[in-house]
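The primary structure of each chain is shown beneath.
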Amino acid sequence: MGVKVWIENAFNIAMVGFIIFNLSRVPALVKHEHPTATNQTTLAEETLLNKTGQLTESGWARKPTKKIDPATFGSVILGIGKLSPLKYRKSDEYVFFNSHFIVWVLARESSFSSNAAVAVYDRKTKSLYERFGLQLGGLANGSSLDDNVHHCPSNSAKFAKDGLTLNLETVTKAEECESILTFPDEQGQEIRLDIRRNLARESVTDVAPVSPDAKHWIHSFRAGAVEASLQVAGGKKQNGLASLSHLRSLQFYKSASLWGTGAGRVDGKPFALHFGVLNFHNSTRTSEDFFVLDGVTHKLDPLQLTYDKLNFMNGFSIASYGSNAQAAEDNVPLERKAEIVFRSTMHKHLGFNYFLLKNSYELVFGELTGWVTDEAGVKYSFEDIPAFIQLNDFKA
């Protein structure tokens, strides 16, 4: 048998195997489910860490309260305190929603690098513009994300690399925390996001340990249904709603997260849903499943997420079964508190993977249809609310 014939036969066998694999492929369904929620606390301690670098307490609250001081990070790497900041990470995310667009903006810092990303999804044309930039070291011109997000982060950050220039300014004006984000579109025209968070309205601050000694931790701040506007090339402003996510963490080498949010109007009132899992490589779960209606936060029992990790376009199933401990002990089926379907309309991968270093994002745009119930059992239904899910896999 000639070499050419042998190669052709090997190729044909490989193709047949590939076809059979795809025809027989069972969707790789992933479930994230957690039986109980982290208790709500007042998070009374003002500082996040004690003198030995441990969390003073964990839990969640409806107001941002914790102050972060990197000088208090404990000696968590080989007993050398100066090495512990190598695991310190900061990220700020903003998602804008209206009937026409979903816009995602990310600014992130770690010990060795910084990165930024933007994505503009046109819901009408089903088109997507995105940019991702990475650079060694911090943000441009010595700027940095504020360590503290407990009130209104004092950000004046700039990123300029890989064809992406992102400017982020956050200031306190009277009773509002205003963030202004600008970056160019594919024609070089400026896109501007104005996000105005009323400081009197409720949000969710979440603090959770990710190590037994509580020296590795995640501090998250999330707000939803925030008034916002979008402006392209100095044109007419388009009003909408925004969701915010500010994470500060001291984590392990390898971590991952899923964060989902959507915003629209329910019964004429601003509404937003937040759900997610943080650091699920070691099964850490925080209490960030909640919805906001007209400025009031309603905590949901942990949501169960089911999706196909090999094809995010198959959508996500989201449900909550409550957390009644007595019912669980008596083996009584729990009544559902939420049932939601995320219908995917666009999926995009961003990021890099350099063997030992990885920062990978799966962006999924779509719509939410379903219902949730508040603490009093009142049901709120919604249909085709614009929504966004981000899955991040990080190694550093």
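For the structure itself, consult the block above.
Residues numbered from 1 in each chain as written. Predicted model: local features only at pLDDT ≥ 70, side-chain atom pairs only at ≥ 80, totals over all residues. Heavy atoms only, no water.

Another aspect to go through is the overall build of the protein. Counting secondary structure elements, the protein contains 2 helices and 22 strands. In the protein, buried positions account for 53% of the 396 residues. Within the protein, contacts between residues at least 6 apart in sequence are counted, and of these 55% link residues at least 24 apart. In the structure as shown, the protein presents an accessible area of about 17,900 Å², 53% of it carried by carbon and sulfur atoms. (Helix = DSSP H or I, 4+ residues; strand = E, 2+ residues; numbered from the N terminus. Buried < 20%, exposed > 50% of the residue type's maximum accessible area, 1.4 Å probe, protein only. Contact = heavy atoms within 4.5 Å. Areas by Shrake-Rupley, 256 points an atom, 1.4 Å probe, with all protein chains shown as cover.)

Tracing the chain through its elements places Ile340 in strand β20 (residues 338–354). Residues Ile340 and Ala319 lie 21 residues apart in sequence; the distance between their C-alpha atoms is 6.1 Å. Here Ile340 is in contact with Leu273, Phe316, Ser317, Ile318, Leu368, Thr369, Gly370, Trp371, Val372 and Phe382, once residues within four sequence places are set aside.

Nonpolar side chains collect at one region of the surface, where Tyr253, Tyr354, Phe355, Leu356 and Leu357 lie side by side and expose about 570 Å² of accessible area between them. Here Tyr253 lies in the loop between β13 (238–250) and β14 (254–266). Residue classification places Tyr253 among the partly exposed positions, given a relative accessible area of 38%. (Patch = residues over 30% accessible without salt bridge, like charges linked within 9 Å, V, L, I, M, F, W, Y side chains within 5 Å. Salt bridge = Lys/Arg side-chain N within 4 Å of Asp/Glu carboxyl O.)

Moving on, we get to the nonpolar core. Among the nonpolar cores identified, the biggest contains 30 residues, and Val103, Val105, Phe183 and Ile195 are the most heavily contacted of them. Each residue touching Val103, except ones within four places of it in the same chain, is listed here: Tyr94, Val95, Phe96, Ala119, Val120, Phe183, Leu193 and Leu230. (Core = buried A, V, L, I, M, F, W, Y, C linked by side-chain atoms within 4.5 Å.)

Of note in this structure, Ala174 is not a glycine but carries a positive phi near 55°. The class for Ala174 is exposed, based on a relative accessible area of 73%.

Counting buried positions along strand β11 (residues 204–209) gives 5 out of 6 residues, so the element sits mostly inside the fold. Both strand β2 (residues 59–61) and β11 contribute to a ladder of 3 bridges, which runs antiparallel. By the bridge assignment for β11, Ala61 is matched with Thr205. The pairing of β11 with strand β12 (residues 217–232) spans 6 bridges and is classified as antiparallel. Paired with Val204 across the two strands is Arg222, which belongs to β12. (Pairing = 2+ DSSP bridges.)

Taken residue by residue, a regular strand's side chains alternate between the two faces of the sheet. Across 6 bridges, strand β7 (residues 156–161) lies against strand β8 (residues 164–173) in antiparallel orientation. For Ser156, the partnering residue across the bridge sits in β8 and is Glu169. Taking the residues that link successive antiparallel strands as the turn, the β7-β8 hairpin has 2 residues, and the phi of Asp162 there is positive, at about 55°.

A few words now on the pattern of salt bridges. Summed over all chains, the structure comprises 12 salt bridges. Ionic pairing is found between Glu375 and Arg62, a salt bridge with its closest N-O pair at 3.7 Å. Remark: Arg62 occurs in the loop between β2 and β3 (88–97) and Glu375 occurs in the loop between β21 (357–373) and β22 (379–395); sequence separation between them is 313 residues. Between Arg192 and Asp194 there is a salt bridge; the shortest N-O distance is 2.7 Å. Owing to a relative accessible area of 26%, Arg192 belongs among the partly exposed residues under this scheme. One network of salt bridges, in which partners are shared, links Arg62, Glu202 and Glu375.

Moving on: the side chain of Ser360. Within the secondary structure layout, Ser360 lies in strand β21. Sequence-distant contacts of Ser360, that is, excluding residues within four places in its chain, are made with His349, Leu350, Gly351, Phe352, Leu391, Asn392 and Asp393.

Scanning all chains against the criterion turns up 14 aromatic pairs. Considering the side-chain rings of Trp104 and Tyr361, the 5.8 Å spacing of their centres and the 55° angle between planes classify their relative orientation as tilted. Taken together, the residues span a long stretch of sequence, with Trp104 in strand β4 (residues 101–109) and Tyr361 in strand β21 at a distance of 257 residues. Overall, Trp104 belongs to the buried group, its relative accessible area being 0%. Overall, Tyr361 belongs to the buried group, its relative accessible area being 1%. Taking the centre distance of 5.1 Å and the plane angle of 35° together, the rings of Phe271 and Phe382 count as tilted. With Phe271 in strand β15 (residues 269–278) and Phe382 in strand β22, this residue pair connects regions lying 111 residues apart in the sequence. A relative accessible area of 1% means that Phe271 is categorised as buried. Overall, the relative accessible area of 7% leaves Phe382 in the buried class. Within the aromatic cluster, the residues linked to one another by ring pairs are Trp104, Tyr121, Phe132, Phe352, Tyr354, Tyr361, Phe365 and Phe388. Its end group placed over the ring of Trp60, Lys299 keeps NZ or CZ at 5.9 Å from the ring centre. The ring centre of Trp371 lies 4.2 Å from the NZ or CZ of Lys379, which sits over that ring. (Phe/Tyr/Trp six-rings, centres within 6.5 Å; stacked < 30°, edge-to-face > 60°. Lys NZ or Arg CZ within 6 Å of the ring centre and 35° of its normal.)

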